[in-house]
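The chain contents come next:
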Amino acid sequence: MSMSMALRRDKGSGTVYFNKSTQKWFASCPIGIYMNGRVKYRTFTGETEAEARKKMKSFQKEQSEISADSKSKWTLEKYMSYWLETYKKVEVKTSTYSRYCATARRDIYPVLGHIQMVSLTSDQVQMLINDKINQGLGYSSIKKIHDLLNPCLKEATARNVIVKNPMLLVKMPKERQIRKENSSDAEKYFRPDERVRLVDVCKSVYSNGKQRFSYGYAYILMLHTGMRPGEMLALSKEDVNLEDNTISINKTVIEYEVTDEATGEISKRIEIQNTPKSDSSNRVISMNSNALDAVNHLLKDNVGDTVLSSKSGTFVTPANFRKRWISVCKTARVEYRSLHTLRHTFATSLFYAGADVKTVSALLGHANTKITYDIYIHVIEERKTDAVKLIESI
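Residues numbered from 1 in each chain as written. Predicted model: local features only at pLDDT ≥ 70, side-chain atom pairs only at ≥ 80, totals over all residues. Heavy atoms only, no water.

Novice: Mind laying out the pattern of salt bridges, listing which residues take part and the relevant values?
Specialist: Counted under the stated rule, the structure contains 17 salt bridges. With its nearest N and O atoms 2.9 Å apart, the salt bridge here joins R283 to E231. Within this pair, whereas R283 is found in strand β9 (residues 283–286), its partner E231 is found in helix α11 (residues 229–234), the two being separated by 52 residues in sequence. The class for R283 is buried, based on a relative accessible area of 8%. Among the ionic contacts, a cluster of salt bridges with common partners joins R191, D193, E194, R197 and R337. (Salt bridge = Lys/Arg side-chain N within 4 Å of Asp/Glu carboxyl O. Helix = DSSP H or I, 4+ residues; strand = E, 2+ residues; numbered from the N terminus. Buried < 20%, exposed > 50% of the residue type's maximum accessible area, 1.4 Å probe, protein only.)

If you want it as structure tokens, here you go:
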């Protein structure tokens, strides 16, 4: 880290230092220990040394006055907000912390937020999980709720805020069962006739030859490579190898919320994350003729660093990318489905063409073949049935 700082350490009161690169004062104090033994710190900033130190002292005073007994009478919303701010914020990436807060605000607080910690039961949490399944929420979204409540309440138990972790008796349904109940073939992929209409619209031009939808070829590229929307937006020109007809997937665009500590206002931020969703997300995909044609169109007169750029070379935001896709579906007279459906269509087409699960899983960048199998079980089972019919004459 290239920064120059002056440290001032007071015994038992944390560390205060000046960061010359940001021209701000920072104060940090230990708040716990990570699982690997490293010390957790909470950091505060200020325009002056006094301001940073005051924020740290105020926090330390507040922590010393809060007893486990008083926390047990807090509502779940108050305790989880405290737990996220105090312990998780220093442990995870900013984008991950933001996602945790968003999940809590959207899915947990409206139902369980008002309940006191000491009164929270496993039945109440189980009902939340079951209701989310009945509402059609996907497995990954339900798992995020479960995986946020579990460590929060586990730590509350360890700190004697509650006697027993309610999550110990909460049953998380199997992924395959949730997918079976909440998914339909219509939502998973576009039919061949729909694909034809979508591609035609993506390639359409006005009478003067100008392309009707500026992101059209990006959607076609996704359809023929299975890229996630974030991977498409982050794809740089350096990731394209026109000699080998391959593209390298090694980064993604993420959106996350940031809360202003002073005002409490929430704003969205967008950035390119060089660390993939999982190790297997880093992959090389061979381009067929349709994908290669789409890439060449996207690179033509492109003055930006990314394969998909605005006319001025600026970065395309996820919101604009989604907005244009809605227009494409409407123009093609195809029922709107999310951009992720292009990825499902790519995978489904591969299965119908005879590709095996391992190959499809690698192309999609799934962490393991089980994920692929659970998502596309309806297609895989259908292919098995068709295969058996091929030998009816034996």
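Novice: Give me the lowdown on helix α9 (residues 192–203), citing residues and values where you can.
Specialist: In this model, α9 (12 residues) spans 17 Å end to end at C-alpha, consistent with the 16 Å of a helix rising 1.5 Å per residue. Along its buried surface, α9 packs onto α10 (216–223) and α13 (318–331). (Expected span 1.5 Å × (residues − 1). Contact = heavy atoms within 4.5 Å.)

Novice: Could you give an account of the confidence of the model for the chain, with specific residues and numbers?
Specialist: When pLDDT is averaged along the chain, the result is 85; 85% of the residues meet or exceed 70. When pLDDT is averaged over each helix and strand of the chain, the minimum, 52, is found for helix α8 (residues 185–188) and the maximum, 98, for α10. (pLDDT = per-residue confidence, 0-100.)

Novice: Account for the packing of helix α5 (residues 122–134) against helix α6 (residues 139–158), with residues named and values stated.
Specialist: Axis separation between α5 and α6 bottoms out at 10 Å; the angle between their running directions is 165 degrees. Viewed along their axes, α5 and α6 adopt a mutual orientation that is roughly antiparallel. Note that α5 runs across α6; the crossing there is right-handed. On the side of α5, the interface is formed by V125, L128, I129, K132 and I133, while α6 contributes I142, I145, H146 and L149. The class makeup of the residues in the contact of α5 with α6 is 7 nonpolar, 1 polar and 1 charged. (Axes fitted to C-alpha atoms, helices over the stretch in contact; angles between N-to-C directions. Parallel < 35°, antiparallel > 145°, perpendicular 65-115°, else oblique. Left-handed = near helix turned anticlockwise from the far one by under 90°. Nonpolar A, V, L, I, M, F, W, Y, C, P; charged D, E, K, R; others polar.)

Novice: A description of a nonpolar patch on the surface should follow, citing residues and the corresponding values.
Specialist: On the surface, I270, I272 and F315 cluster together into a nonpolar patch covering about 220 Å² of accessible area. Taking relative accessible area as the criterion, I272 reaches 37% and is therefore assigned partly exposed. (Patch = residues over 30% accessible without salt bridge, like charges linked within 9 Å, V, L, I, M, F, W, Y side chains within 5 Å. Areas by Shrake-Rupley, 256 points an atom, 1.4 Å probe, with all protein chains shown as cover.)

Novice: Give me the packing of aromatic side chains: which residues, what numbers.
Specialist: As enumerated under the stated definition, the model contains 12 aromatic pairs in all. Ring centres 5.4 Å apart and planes at 50 degrees place the aromatic pair F44 and F59 in the tilted group. One end of the pair, F44, is in strand β4 (residues 39–46); the other, F59, is in helix α1 (residues 49–65), with 15 residues separating them in the sequence. Assessed through its relative accessible area of 8%, F44 is described here as buried. With a relative accessible area of 9%, F59 lands in the buried category. (Phe/Tyr/Trp six-rings, centres within 6.5 Å; stacked < 30°, edge-to-face > 60°.)

Novice: Got a sec to walk through the nonpolar core? Specific residues and values, please.
Specialist: Membership of the largest hydrophobic core comes to 43 residues, with the highest contact counts inside it found for Y79, M80, L84 and L149. Among the secondary structure elements, those contributing two or more residues to this core are β2 (14–19), β3 (24–33), α1, α3 (76–88), α4 (94–112), α5 and α6. Not counting residues up to four positions away in its chain, the partners in contact with Y79 are K71, W74, M117, C152, E155, A156 and V161. Listed in part, the 40 residues of the second largest apolar core include F213, Y215, A218 and L223. (Core = buried A, V, L, I, M, F, W, Y, C linked by side-chain atoms within 4.5 Å.)

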